[in-house]
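# Understanding the architecture of this molecule
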Amino acid sequence: MTSLKKIIITVDGWSSCGKSTMARQLAKRLQYIFIDSGSMYRAITLFFIRNEVNVQDPAQVAKALQQIKLSFHLNAHNGNNEIYLNGENAEPYIREMKVAEKVSEVAAIREVREFAVKQQQLIGNDKGIVMDGRDIGTAVFPQAELKIFMTADNDVRVMRRYKELAAKDSSIQMEDVKSNLALRDHMDSNREVSPLRKAEDAVVLDNSHMTPDEQLNLALQWAKEKINA
Ligand code: DC
């Protein structure tokens with residue numbers, strides 16, 4: 001029996017354009033591992049907030065990183081790989097607004113990126129992986145066989161993130177979500193270390209006017225072309 005070739009698929013793009021949802025479904029259909037790299041930056045940020053780490057102080061950042069152990073564990077109920085911070089499931093906390101407000105600042109720190117990228121590359125060693133983020137196709141897996149760059153209209157993205165947050169917290173204001181997204185887009189694409197940008201060999205998926213099924217089918221078609229190449 002010939003086994004199918006395994007590839008690396010990267011999904012980069014702006015905040016809240018549905019990268020994780022699409023990447024998770026794609027991984028499921030291909031029976032690949034799905035890793036949400038943003039959850040790593042969010043878990044590191046959660047640790048920094050809880051321990052009042054001054055991000056301007058390199059010594060404090062270095063010491064904090066030595067105290068952080070990140071791992072992913074499969075949740076048998078929902079089939080998702082969930083992030084653990086020093087043995088604690090961090091998923092319930094990392095999507096909160098206070099983390100969202102700080103994460104781009106933390107993710108811009110060179111040492112933080114080196115710490116996260118090293119682990120991301122280890123996880124991808126055996127291929128058969130879909131990883132989403134901002135620099136996965138450019139810095140983490142520049143050799144990936146399929147690179148998808150996702151985008152969507154700004155208003156569509158704001159509404160999606162608002163609905164996601166409002167489902168958990170009815171005090172969330174649309175204006176706050178809008179300004180947080182604009183700020184994160186700006187910081188993520190203007191930082192010095194591996195800023196968000198489309199890899200030259202990435203294919204663009206603009207899902208502003210697509211249903212989830214339509215975008216999944218398109219991505220699956222691209223993946224199968226690469227797997228069968
Ligand atoms: O995908 P997300 O919104 O959960 O990501 C949270 C933040 O982490 C985002 O504002 C930028 C940062 N990030 C990054 O710099 N590089 C990645 N590969 C993934 C996320």
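See the structure above.
Bear in mind the structure is a predicted one, so any value in this text is a computation, not a measurement. (Residues numbered from 1 in each chain as written. Predicted model: local features only at pLDDT ≥ 70, side-chain atom pairs only at ≥ 80, totals over all residues. Heavy atoms only, no water.)

### Some words on the site of the ligand
To keep things clear, this is the line we draw: The cutoff for a nearby residue is simple: one of its non-hydrogen atoms must lie within 4 Å of the molecule or strand. In the analysis that follows, any N or O atom pair within 3.5 Å is treated as a polar contact, provided that within protein one partner can donate a hydrogen and the other can accept it, and provided that, for residues neighboring in sequence, both atoms belong to side chains. Surface accessibility in these figures is a Shrake-Rupley result with a 1.4 Å probe; residues are shielded only by whichever protein chains are displayed. For each structure, a 1 Å grid was placed over the protein atoms alone; sets of points admitting a 1.4 Å probe that cannot get out are labelled cavities, open sets with protein on both sides within 12 Å along at least five of seven lines are labelled pockets, and lining residues have an atom within 4 Å of a point. If over half the atoms of a molecule are within 2 Å of the grid points of a cavity or pocket, the molecule is regarded as sitting in it. The way it works is that DSSP assigns letters per residue, a run of H or I at least four long becomes a helix, a run of E at least two long becomes a strand, and they are numbered from the N terminus. Polarity classes work like this: nonpolar for Ala, Val, Leu, Ile, Met, Phe, Trp, Tyr, Cys and Pro, charged for Asp, Glu, Lys and Arg, and polar for all others, with Gly in that last group.
The immediate surroundings of the ligand are formed by 16 residues, with R42, R113, R134, D135 and R191 found nearest. A distance of 2.7 Å separates an oxygen atom of the ligand from a polar atom in the side chain of R42. With respect to the ligand, the side chain of R184 contributes an N or O atom lying 2.9 Å from an oxygen atom. Contact with the protein chains removes 98% of the 450 Å² of surface that the ligand exposes when unbound. In a pocket analysis with a 2 Å cut-off to the grid points, the ligand is assigned to the largest pocket. Of all the secondary structure elements, the ones that give two or more residues to the shell around the ligand are α2 (37-50), α5 (97-107) and α9 (174-190). The leading source of residues in the shell around the ligand is α2, at 4 residues. Among the residues forming the shell around the ligand, the class breakdown is 4 nonpolar, 4 polar and 8 charged.

### Describing the sheet that holds strand β4 (residues 81-85)
Definition in use: When DSSP finds two or more bridges between a pair of strands, those strands are recorded as paired. The contact definition used throughout considers only heavy atoms, calling two residues in contact when any of these lie within 4.5 Å. Orientation is described by lines fitted to C-alpha atoms, with helices fitted over the stretch in contact, and by angles between N-to-C directions that extend from 0 to 180 degrees.
Reading across from one edge, β3-β4-β5 is the order of the 3 strands in this open sheet, with antiparallel pairing throughout. The sheet terminates laterally at β3 (70-74) and β5 (88-89), the two strands that pair on one side only. One ladder, built from 2 bridges, connects β4 with β5; its direction is antiparallel. Note on β5: the bridge partner recorded for Y84 is N89. Contacts between α2 and the sheet are confined to β3, β4 and β5, with β4 contributing the most and set at about 25° to the helix.

### Considering the side chain of T138
Operational definition: When accessible area is computed with a 1.4 Å probe and restricted to protein chains, residues below 20% of their type maximum are described as buried, those above 50% as exposed, and intermediate ones as partly exposed.
Structurally, T138 is set in helix α7 (residues 136-140). Using a relative accessible area of 19% as the deciding quantity, one classes T138 as buried. Within polar-contact distance, the side chain of T138 engages the backbone oxygen of D135 at 3.3 Å. Ignoring anything within four residues of it in the chain, the contact list for T138 reads D12, R197 and A199.

### Structural notes on α2
To be explicit about the condition: Take the residue count of a helix, subtract one, and multiply by 1.5 Å to get its expected span.
Along its 14 residues, α2 runs 20 Å from first to last C-alpha, staying within 8% of the 20 Å computed at 1.5 Å per residue. In terms of residue burial, α2 counts as a mostly covered element, since 11 of its 14 residues are buried. The set of residues buried in α2 consists of S37, S39, M40, Y41, R42, A43, I44, T45, L46, F47 and F48. The residue sitting at the N-terminus of α2 and contributing the capping side-chain oxygen is D36; that oxygen lies 3.1 Å from the backbone nitrogen of G38. Two residues or fewer after α2 comes E52, characterised by a positive phi angle close to 50°.

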